[in-house]
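The lines below spell out each chain.
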Amino acid sequence: MLVSLGGNAILKHGQKGTAEEQAVNVQNTAKHLVALLRRGERIALTHGNGPQVGNILLQNEIAKPTLPPMPLDVCGAESQGMIGYMLQRALRSELESGGLKVAVVTIVSQTLVDADDPAFKNPTKPVGPFYSANEAKQLRESKGWHVVSDSGRGYRRVVPSPTPLDILEKETIIRLFETGTVVISVGGGGVPVIREKNGTIRGVEAVLDKDRTAALLAKTLGVETLLILTDVEKVFVNYGKPDQRALDRVTVQECKKYLSEGQFPEGSMGPKIESAVSFLSGSPGRRVVIASLEMAEEALKGTAGTTITN
């Protein structure tokens with residue numbers, strides 16, 4: 001099984017993001033993950049990194065008069081190492097206290113994208129701090145960044161979000177997973193890289209959708225279940241309206257219909273449903289389960305969350 005953790009598993013909305021806050025959140029997450037391991041599940045793990053990368057970018061911005069800022073791909077790798085360490089530490093503590101001997105390891109992962117992906121010509125993902133109009137102008141001119149007005153709150157940089165094509169460390173991830181190791185990888189969708197014409201690999205200024213990379217990794221590992229843990233207990237149609245309705249079980253065809261109707265916005269449930277469709281298409285016997293972290297065990301039994309099948 002591949003478990004894809006939402007950002008709330010590491011940093012909850014409204015928190016400052018201190019190491020202590022994140023450690024408490026991750027320890028709670030570890031309890032739920034170890035409960036799955038006690039059931040005999042073999043799991044691989046991936047996670048979001050948006051708030052953490054945002055904080056790293058802000059640190060870069062504040063420290064730039066003294067220290068050279070790092071590019072976005074390096075910041076993504078930093079966040080993978082940081083979150084991976086927190087998860088490893090919490091999981092090991094929880095496993096050892098329960099007498100379970102399961103290895104846990106983090107792999108800083110690179111995700112290959114196409115240098116000619118149309119997303120590079122249409123940056124849409126906001127990252128980093130807010131800027132004034134004058135700062136935005138200077139950044140456009142000095143760095144060539146795309147900086148746009150963000151809902152009247154100021155100006156933010158936007159970067160491309162290309163489609164993940166391959167995970168460069170996949171062979172190592174597969175080997176470790178097959179031995180029963182809990183492998184934490186492709187955090188935040190992985191560090192986006194392209195392959196130059198001469199064969200060398202170069203990191204690019206982009207962010208990847210973690211759910212799309214999770215679907216790719218789940219297919220690569222050949223797992224039967226993709227468990228997406230988020231901050232809602234189920235998937236809803238007509239969400240936030242008087243006639244909103246929770247979906248307990250839904251098929252790929254129904255998901256495609258709901259997507260075409262615009263039921264799942266791009267900024268929230270949309271990528272999760274699209275990733276579910278991608279993982280399930282042409283593969284009978286697989287399932288995607290979307291649920292809250294607290295209801296993970298019940299969701300796998302079919303008594304909570306939303307289960308998507310063919």
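The coordinates are above.
The model shown is predicted, which means the values in this text are computed figures rather than measured ones. (Residues numbered from 1 in each chain as written. Predicted model: local features only at pLDDT ≥ 70, side-chain atom pairs only at ≥ 80, totals over all residues. Heavy atoms only, no water.)

So, about the pairing of strand S6 (residues 146-149). On a regular strand, one side chain projects to one face of the sheet and the next to the other, so that they alternate. Across four bridges, S6 lies against strand S7 (residues 155-159) in antiparallel orientation. Pairing of Val-147 across the sheet is with Arg-157, part of S7. Here S6 hands over to S7 after five residues, with Ser-151 in that stretch at a positive phi of 50°. (Pairing = 2+ DSSP bridges. Helix = DSSP H or I, 4+ residues; strand = E, 2+ residues; numbered from the N terminus.)

Read across the open sheet, the eight strands follow the order S3-S9-S2-S1-S12-S16-S17-S15; overall the sheet is mixed. Whereas interior strands pair on both sides, the edge strands pair on one side only; in this sheet they are strand S3 (104-106) and strand S15 (249-251). Taking the axes of each pair of neighbouring strands and ignoring which way they run, one obtains an average angle of 20° across the sheet. As judged from the six bridges shared by strand S12 (residues 225-230) and strand S16 (residues 287-292), these two strands associate in the parallel manner. Directly across from Thr-225, in S16, lies its bridge partner Arg-287. (Axes fitted to C-alpha atoms, helices over the stretch in contact; angles between N-to-C directions.)

Turning our attention to unusual backbone geometry. A positive phi angle, close to 40°, is found at Val-186, a residue other than glycine. Mapped onto the secondary structure, Val-186 falls in the loop between strand S9 (182-184) and strand S10 (191-195). You can call Val-186 buried: its relative accessible area is 0%. (Buried < 20%, exposed > 50% of the residue type's maximum accessible area, 1.4 Å probe, protein only.)

To find leftover empty space, one rolls a probe the size of a water molecule over the atoms. Within this model, the second largest pocket holds a volume of roughly 240 Å³. Around the second largest pocket, the lining is made up of 13 residues, and of these Val-232, Tyr-239, Pro-265, Ser-268 and Met-269 lie nearest the centre. Its residues assigned to classes, the lining of the second largest pocket shows seven nonpolar, three polar and three charged. (1 Å grid on protein atoms, 1.4 Å probe; cavity = no way out; pocket = protein on both sides within 12 Å on 5 of 7 lines; lining within 4 Å. Points joined across faces, edges and corners; volume = space filled by probe spheres on them. Nonpolar A, V, L, I, M, F, W, Y, C, P; charged D, E, K, R; others polar.)

Below, the discussion takes up the nonpolar core. If you look at the biggest cluster of nonpolar residues, it comprises 35 residues, and the most contacted ones within it are Val-288 and Ile-308. Every element with two or more residues in this core is listed here: helix H5 (170-178), helix H6 (210-221), S12, strand S13 (235-237), helix H7 (252-260), helix H8 (270-280) and S16. With six residues, H6 is the largest single contributor of residues to this core. Discounting residues that sit within four places of it in the chain, Val-288 has contacts with Leu-226, Ile-228, Ala-276, Phe-279, Leu-280, Thr-306, Thr-307 and Ile-308. Grouped together as the second largest cluster of nonpolar side chains are 31 residues, Ile-10, Val-182, Val-289 and Ala-299 included. (Core = buried A, V, L, I, M, F, W, Y, C linked by side-chain atoms within 4.5 Å. Contact = heavy atoms within 4.5 Å.)

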